[in-house]
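# Remarks on the overall topology
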Amino acid sequence: MLEKRFDFNKMYGRIVRYYLDKKHYTKEKANMIAQQVVRRELQQRICKNSECGHLLHDHLRNNEVCLISRCGCEKFVRA
Ligand SMILES: [Zn+2]
Ligand SMILES: [Zn+2]
């Protein structure tokens, strides 16, 4: 299964809107929560190979060779 390029901006905006509209949080609090969620999502999509550190969608078929030039990573490493 191929994962599409993840749109963090879109996700961020959706979270902020949710906490503003549905939870009636302050703008500051909604932004804080969105930052935390997006950061966590990003961490899950970063290769844990110490020489790599590139995103999941930079790897062939999302788990094989890293496609970033000069990167020697041959397999996506999950946390
Ligand atoms: Zn890489
Ligand atoms: Zn990698």
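One structure accompanies this document, and this report is about it. (Residues numbered from 1 in each chain as written. Chains lettered and ligands numbered in written order. Predicted model: local features only at pLDDT ≥ 70, side-chain atom pairs only at ≥ 80, totals over all residues.)

## Quick word on the overall build of the protein chain
Short version of the rule: Helical segments are the DSSP runs of H or I of at least four residues, strand segments are the runs of E of at least two, and each set is numbered from the N terminus. What the globule rule says is 2.2 Å times the number of residues to the power 0.38, and the radius of gyration is computed from C-alpha atoms. Here a residue counts as buried when 20 or more other C-beta atoms fall within 10 Å of its C-beta, as exposed when 12 or fewer do, and as partly exposed in between; the C-beta atoms come from the backbone. Here contacts are defined at the residue level, using C-beta atoms placed from the backbone and a cut-off of 7 Å between them.
Across its full length, the protein chain carries two helices and zero strands. Relative to the globule expectation of 12 Å for 79 residues, the C-alpha radius of gyration of the protein chain, 16 Å, shows a markedly less compact shape. The buried share of the protein chain, taken over its 79 residues, is 10%. The long-range fraction of contacts in the protein chain, counting pairs at least 24 apart against all pairs at least 6 apart in sequence, stands at 33%.

## Remarks on the nonpolar core
Keep this limit in mind: To form a nonpolar core, buried Ala, Val, Leu, Ile, Met, Phe, Trp, Tyr and Cys residues must be joined through C-beta atoms within 7 Å.
Ranked by size, the top nonpolar core spans five residues in total: Cys47, Cys52, Cys66, Cys73 and Phe76. When sequence neighbours within four positions are dropped, the list of residues in contact with Cys66 reads Cys47, Cys52, His54, Asp58, His59, Cys71 and Cys73.

## Section: the environment of Met11
Inspection of the secondary structure assignment puts Met11 in helix H1 (residues 8–21). Under the C-beta neighbour-count criterion, Met11 is labelled partly exposed, with 15 such atoms within 10 Å. A C-alpha to C-alpha distance of 31 Å links Met11 and Gly72, two positions 61 residues apart in sequence. Each residue touching Met11, except ones within four places of it in the same chain, is listed here: Val38 and Glu41.

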